[in-house]
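# Architecture and fold: a report
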Protein chains: 4
Amino acid sequence: MSQDDTQPPRRGRPPSKAARQKALMAAREILATQGFGRLSIEAVAARSGVGKPTIYRHWANAGELVMEALMSDLPGRAPASGGGLVEGLRGQLHLLVAAFATTRGRQVAMVLAASDPESEMTKAFRHRVILSSREHGRSLIEAAAQAGEIDRPQDIEIILDMIYAPLFYRLLVGHLPIGPDFAEGLAEHAGRLLGGNAAEGPRA
Amino acid sequence: MSQDDTQPPRRGRPPSKAARQKALMAAREILATQGFGRLSIEAVAARSGVGKPTIYRHWANAGELVMEALMSDLPGRAPASGGGLVEGLRGQLHLLVAAFATTRGRQVAMVLAASDPESEMTKAFRHRVILSSREHGRSLIEAAAQAGEIDRPQDIEIILDMIYAPLFYRLLVGHLPIGPDFAEGLAEHAGRLLGGNAAEGPRA
Amino acid sequence: MSQDDTQPPRRGRPPSKAARQKALMAAREILATQGFGRLSIEAVAARSGVGKPTIYRHWANAGELVMEALMSDLPGRAPASGGGLVEGLRGQLHLLVAAFATTRGRQVAMVLAASDPESEMTKAFRHRVILSSREHGRSLIEAAAQAGEIDRPQDIEIILDMIYAPLFYRLLVGHLPIGPDFAEGLAEHAGRLLGGNAAEGPRA
Amino acid sequence: MSQDDTQPPRRGRPPSKAARQKALMAAREILATQGFGRLSIEAVAARSGVGKPTIYRHWANAGELVMEALMSDLPGRAPASGGGLVEGLRGQLHLLVAAFATTRGRQVAMVLAASDPESEMTKAFRHRVILSSREHGRSLIEAAAQAGEIDRPQDIEIILDMIYAPLFYRLLVGHLPIGPDFAEGLAEHAGRLLGGNAAEGPRA
DNA sequence: CATTAATCGAGACGGTACGTCGGGTCTTTAC
DNA sequence: GTAAAGACCCGACGTACCGTCTCGATTAATG
C-alpha cells in the first residue's frame, strides 16, 4: 500500500515469528496424522504451545491457517524441459500428480470446498495451489503458438480446464486412481486437443 | 436388486416415512436459504419438528442427510437427441450446466469434499450425482463407436474425465463462470478429442 | 389364584401376571446391583423382557415401580415379647434397624424424597414402610397406659417421632452408624421419656 | 488448613464471581418457582445467561449446584437467650422450624437423598445445613452440664438425634405439620430427656 | 538502566452444536 | 384385545470447540 514500508518503529514487544511458525508446524502435523476434520484451533494451540488468541491474531479461522500450512511444499515449476509442448505438459503433469496423489491432495480439496470463497486467503490459496499450474500450462501453450508449433487455440480457457480439471476431479470423486499413467494420458490427449500435427506419442 | 423383496413383516412400529420426508425437506430449505455451513442436525430438527434422535436413526451425520437431500431433482437424462455424438454430448452438458450452475452446485462440491469418502452414502452420492453423467457420456461414446461414427478410443476413462471434470473444477475453484458457452465449448472439444472427422461444430 | 374365579370370559389376551412379576424382579435386581440412580424404565424393560408400554400400564413412573419393589421383605411385627413397654419397643427397634441398616435403607429414603408426595402410591408406601412401625409403637404405648404401666402421655405424636425419626435421620445424613447399640439406646431413652418409673436399664 | 494461604497468583483469566452468583441466583429462583424436579442445568443456564460449560466448571452436577444454592439463608445461631438449657433449645428449634417449614425444607431433604453421599459437596452440605444445628445443640447441653444445671448424659449422640431428627422426619414423611407447637413440644421433651429437674416447661 | 507498552501463555467466558440417554406415547404385528 | 417390540417426539445430558476476554509474565524499544 504505502510506498515506504519502513514501518514507524512501534513500541512494545513485536509479534513473535516463532509463534507463527510453531502454529503452522503443529497444523501440518495434525493434518498429517489426524486429518482436516480433527484440526481445530484448540488442538493447534495445545500441540504447539501457542496461545489461542495469538493464533487468532495471525489467522481469521481454522481454514485460513490450514491453507497457509498447505501452501508450502508445492510442486515447483517443471525444469523447463527442452522438448516440445507436450513434453513440457507431461513434465508438469507428472510433478502435479506426484504432489497431489497423497493425503494432502484430498485435504486441499476439502479446505477449498469448506472455505469462504470470497475470503482473501481463499483467493490466494486458489491462485497459488490450484491455478498456478493452470497458468503455467497457459504459458507453455502460448510459447508453443509463438514458436509456430501449434496454431493459437481459440478456446484456451476450456482447454486449460480440460487439462487440469481431471486431477482434482479424481481427487474429489475418487473413482479412479491417480498415478503416472494418468499424467501420461492427460498430456497425450492435451496434445491431440491442441494440434492435429502433434504426432508425438507417449515416448514413441 | 433381489427378486423377492417381500421383506418379512417386521414387528414393532415401522419407521415413519413422514418424519423422513420432513427432515429432508427442512434440510433442503436450510441449504437453499442459509447454506451448507449453517446446516446442523439441531437446525434441521428444529425446523422440521422431527426429533434429533429420529434424525440420527435415519442418517449417521449431517453429511449423509445433506447428500440425500441433494440427490433429488437431478438433471434427468438428455432426451435422446436424434443427432450424432457431439449433439448428444452437447444436450447433456447443457442440462448438467443448468443443473449445477446454481447454489446447489457448490453445495454438492462441499458436501462431497467434507464427507467420509468410504461411507456407503458417499459412494451412492458420487455415483448418482457425479458419475451418472459420466456413465451416460460413456454410453454415448460407445454407441457412436458401434455405429461407426468414430473409432473406439483407447483411453476412454481419461477422455470422460476431461469432458466432465471441468464443470466441477469451475464449481470448486470459481475462476470462471459456468454458462451455456461453457457447455458448448466442452462439447465441441470433446468431439475433436474423439474423432478427427468431427467437423460438425455449432459454427458452420 | 382362587379356584372359582369364573371371570366373565373376556375376549382377547388376558393381562399377564408374569409380566408384572418379571418387571418387579428386574427392578429389585437393578436396585441391588446398580442402585436407584441407575434404575430407569428402559433398563427394567431391557432386563425383564417386558415391554415399556406394559410397564407403564402397571405403574405411573419409575418411582412407583421402585416403591412397589421395595415394599416386599418388610420387617414383620415383633413377636409380641411378653415383657413390658420398653421390652416391646426394644424388640421392634432391633428388627427395624436390622431391616434398614442395609443398602435398601438408603434407597427407601431416596425414593421417598424423590417421589411426588401427593401420589397415592407414595402415600401407601409411606404408610406401609415408614409409618407402620410408628403405629405399632403407638399401640405398644397405649397398651402400656391401659395396663397402668405408664401414665398416658399428652404429646404422643412428638414422642413417637422422637423414637422413630432417628433411624431415618441417620439413614439420610449418615453421620453415625446404625447398629444394635443404636436400637438399644433408642429404646432406653424412649422408656425414660414415657415414664420416670421405667427404671429398667438395657437388660440389667 | 495451611497457615500461608497466599495462593501463588495463578495464570490465566480468573473465574468470574459474577457468573457464579448469577447461576446460583437462577437456581434459587427455579427452586422457588418450579421445584427441584424442574431444575436442570439447561434451565439454569437459560435463565441466568451463564453458559452451560461455565456451570459445569463450577459444579459437577445439578445436585451440587442446588446444595450450594440452598446453603445460603440458613437459620443463624439462636441469639444466646440468657435462660437455661431448655430455653436455649426452644429458641433454636423455633428458628429451625421456621427455616425449614417451607418449600426449601423438602428440597433440602430431596437433594440430600438424591446426592452422592460420598461427594465432598454433599458432606459440606450435611455439615452446614443438617448437622450444624445438631452441633449447636451439643454445645448447649455441654454448657448446661458444665454449669451443673444437668448431669452429663451418657448417650448424647442418641439424645441429639432424638431432638433434631423429628424435624426432617416430618419433612420427609409429611404425616404431620411442622409449626411452632412442634418446636415447643420438642424442646419440652428434650428437657425431660436431659434431666429430671427440668420442671421448667412453658406451661406453668 | 528503568520505564513502558505490546505481545505472549494460560485459561475462563458466553455460545452453538454435538451425539446419547431416557421419558412417556403411539403404532404395528403376534398371541 | 392385550402383549411384545420398537419408532416416535421431546427434553436434558455432559463435552468439544468456537471466538472473545481478562489475567500475570515476557520482552524489546524508549527514555
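Residues numbered from 1 in each chain as written. Chains lettered and ligands numbered in written order. Predicted model: local features only at pLDDT ≥ 70, side-chain atom pairs only at ≥ 80, totals over all residues. Heavy atoms only, no water.

Counting secondary structure elements, chain A contains 9 helices and 0 strands. Within chain A, buried positions represent 48% of all 204 residues. Expressed as a percentage of contacts within chain A between residues at least 6 apart in sequence, the contacts between residues at least 24 apart total 63%. By element, 53% of the accessible surface of chain A is carried by carbon and sulfur atoms, the whole surface being about 10500 Å². (Helix = DSSP H or I, 4+ residues; strand = E, 2+ residues; numbered from the N terminus. Buried < 20%, exposed > 50% of the residue type's maximum accessible area, 1.4 Å probe, protein only. Contact = heavy atoms within 4.5 Å. Areas by Shrake-Rupley, 256 points an atom, 1.4 Å probe, with all protein chains shown as cover.)

With that settled, the discussion passes to the interface of chain A and chain B. Facing the 37 residues of chain A at the interface are 38 residues of chain B. Summed over both sides, the interface between chain A and chain B buries roughly 3400 Å², with carbon and sulfur atoms accounting for 69% of that surface. Taken together, the links from chain A to chain B amount to 2 salt bridges. For A:Asp161, the salt bridge goes to B:Arg170, with nearest N and O atoms at 2.5 Å. (Buried area = accessible area lost by both parts, 1.4 Å probe. Salt bridge = Lys/Arg side-chain N within 4 Å of Asp/Glu carboxyl O.)

Okay, the pattern of salt bridges next. Any two side chains of opposite charge can pair if their charged atoms end up close together. For the structure on display, the rule yields 52 salt bridges over all chains. One salt bridge in this structure joins B:Arg138 and B:Glu135, with 2.9 Å as the shortest N-O distance. Placement of both B:Arg138 and B:Glu135 in helix α7 (residues 120–146) is noted, with a separation of 3 residues, approximately one turn of the helix. Linking C:Glu29 and C:Arg47 is a salt bridge whose minimum nitrogen-to-oxygen distance equals 2.3 Å. With a gap of 18 residues between them, C:Glu29 in helix α1 (residues 17–33) and C:Arg47 in helix α2 (residues 41–48) connect regions that are remote in the sequence. Look at C:Glu29 and you get partly exposed, because its relative accessible area is 31%. A cluster of three or more residues bridged by salt bridges with shared partners is formed by A:Arg134, A:Glu135, A:Arg138, A:Glu157, A:Asp161 and B:Arg170.

This brings us to the protein's contact with DNA strand E. Close to DNA strand E lie 44 residues, the nearest being A:Arg57, B:Glu42, B:Lys52, B:Tyr56 and C:Tyr56. Here the atoms of DNA strand E within 4 Å of the protein split so that 65% fall in sugar or phosphate, with bases taking the remainder. C:Tyr56 is positioned with one of its side-chain polar atoms (N or O) 2.7 Å from a phosphate oxygen of DNA strand E. With respect to DNA strand E, the backbone of D:Gly49 contributes an N or O atom lying 3.1 Å from a phosphate oxygen. For the surface near DNA strand E, the secondary structure elements donating two or more residues are α3 (52–58) of chain A, α2 (41–48) and α3 (52–58) of chain B, α2 and α3 (52–58) of chain C together with α3 (52–58) of chain D. (Near = heavy atom within 4 Å. Polar contact = N/O pair within 3.5 Å; in protein donor to acceptor, adjacent residues only side chain to side chain.)

Another point: the relation of the copies chain A and chain B. Once chain A is rotated about the relating axis by 179° and shifted along it by 0.2 Å, it coincides with chain B to within an RMSD of 0.3 Å. Within this description, the copies of the chain are treated as partners about a two-fold rotation axis. Both copies share a contact surface, since 100% of the interface residues of chain A are interface residues in chain B too. (Least-squares fit on C-alpha atoms with pLDDT ≥ 70 in both.)

On to the environment of B:Ile55, then. Inspection of the secondary structure assignment puts B:Ile55 in helix α3. Non-local contacts of B:Ile55, meaning those with residues more than four positions away in its chain, are made with B:Ala23, B:Ile41, B:Val44, B:Ala45, B:Val50 and B:Leu65.

Position of D:Ala101 among the secondary structure elements: in the loop between α5 (85–100) and α6 (103–114). On a C-alpha basis, the gap between D:Ala101 and D:Pro177 in space is 8.5 Å, while along the polypeptide they are 76 residues apart.

Here we come to the protein's contact with DNA strand F. A:Tyr56, C:Thr54, C:Arg57, D:Lys52 and D:Tyr56 are the nearest of the 46 residues found near DNA strand F. The sugar-phosphate portion of DNA strand F accounts for 60% of its atoms within 4 Å of the protein, the bases making up the rest. Within the side chain of D:Tyr56, a nitrogen or oxygen atom sits 2.4 Å from a phosphate oxygen of DNA strand F. Among the elements that make up the surface near DNA strand F, the one with the highest residue count is α3(B) (5 residues). Each residue belonging to the surface near DNA strand F can be placed in one class, and the counts come to 17 nonpolar, 14 polar and 15 charged. (Nonpolar A, V, L, I, M, F, W, Y, C, P; charged D, E, K, R; others polar.)

On to the interface of chain D and chain C. It is common to give the size of an interface as the accessible area lost on bringing the parts into contact. Taken together, the contact pairs 38 residues of chain D with 37 residues of chain C. Counting the surface chain D buries against chain C, the share from its top three residues, D:Met162, D:Tyr169 and D:His189, is 20%. For the interface between chain D and chain C, the tally reads 2 salt bridges. Seen at the junction of chain D and chain C, the total is 10 residue pairs in polar contact (both at pLDDT 80 or more). Counting only elements with at least two residues in the side of chain D that touches chain C, the list comes to α6, α7 (120–146), α8 (156–173) and α9 (180–194) of chain D. Across the side of chain D that touches chain C, the residue classes tally to 22 nonpolar, 5 polar and 11 charged.

Turning to helix α8 (residues 156–173) of chain B, a few remarks are in order. Residues and elements named next belong to chain B. For α8, spanning 18 residues, the distance from its first C-alpha to its last is 25 Å, which sits close to the expected 26 Å at 1.5 Å a residue. Burial within α8 is extensive, with 17 of its 18 residues counted as buried. Once α8 ends, the next one or two residues include Gly174, with phi positive near 70°. (Expected span 1.5 Å × (residues − 1).)

Of the transformation superimposing chain D on chain C, the axial component is 0.1 Å and the angular component is 180°, with the fit at an RMSD of 0.3 Å. Mapped onto chain C, 97% of the interface residues of chain D again fall at the interface, so both copies present the same surface.

Below, the discussion takes up the layout of surface pockets. Estimated volume of the largest pocket: approximately 500 Å³. The wall of the largest pocket is formed by 24 residues, among which C:Ala113, C:Ala114, D:Phe36, D:Met110 and D:Ala114 lie closest to the centre. Sorting the residues of the lining of the largest pocket by element identifies α6 (103–114) of chain C together with α4 (62–70) and α6 of chain D as the ones contributing at least two each. Ranked by residues supplied to the lining of the largest pocket, first place goes to α6(D) with 6 residues. Split into classes, the residues belonging to the lining of the largest pocket amount to 10 nonpolar, 10 polar and 4 charged. (1 Å grid on protein atoms, 1.4 Å probe; cavity = no way out; pocket = protein on both sides within 12 Å on 5 of 7 lines; lining within 4 Å. Points joined across faces, edges and corners; volume = space filled by probe spheres on them.)

Turning next to the confidence of the model for chain A. The predicted coordinates ought not to be read in detail in places where the model reports low pLDDT. Residue and element names in this part refer to chain A. Across chain A, the average pLDDT comes to 85, with 85% of residues at 70 or higher. Below a pLDDT of 50 lies the segment residues 1–7, which in the model reaches 0 contacts outside its immediate sequence neighbourhood of four places, other chains included. Taken as a whole, residues 196–204 scores under 50 in pLDDT and shows 11 contacts with residues more than four places along the chain or in a different chain. (pLDDT = per-residue confidence, 0-100.)

This paragraph deals with the side chain of C:Ser133. Structurally, C:Ser133 is set in helix α7 (residues 120–146). Here C:Ser133 is in contact with C:Gln92, C:Leu96 and C:Tyr164, once residues within four sequence places are set aside.

All names here are of chain D. For the pair α8 and α9, interaxial distance at closest approach is 10 Å and the crossing angle is 160°. Regarding the angle of α8 to α9, the classification is roughly antiparallel. In the crossing of α8 with α9, the sense of the turn from one axis to the other is right-handed. Contact residues: α8 offers Ile159, Met162, Ile163, Pro166, Leu167 and Arg170, while α9 offers Phe182, Leu186, Ala190, Leu193 and Leu194. (Axes fitted to C-alpha atoms, helices over the stretch in contact; angles between N-to-C directions. Parallel < 35°, antiparallel > 145°, perpendicular 65-115°, else oblique. Left-handed = near helix turned anticlockwise from the far one by under 90°.)

Residues and elements named next belong to chain D. The buried fraction of α4 amounts to 8 of the 9 residues, a majority that puts the element mostly inside the structure. Looking at α4, one finds that the buried residues are Gly63, Glu64, Leu65, Val66, Met67, Glu68, Ala69 and Leu70. Buried residues along α4 sit against α1 (17–33), α2 (41–48), α3, α6 and α7.

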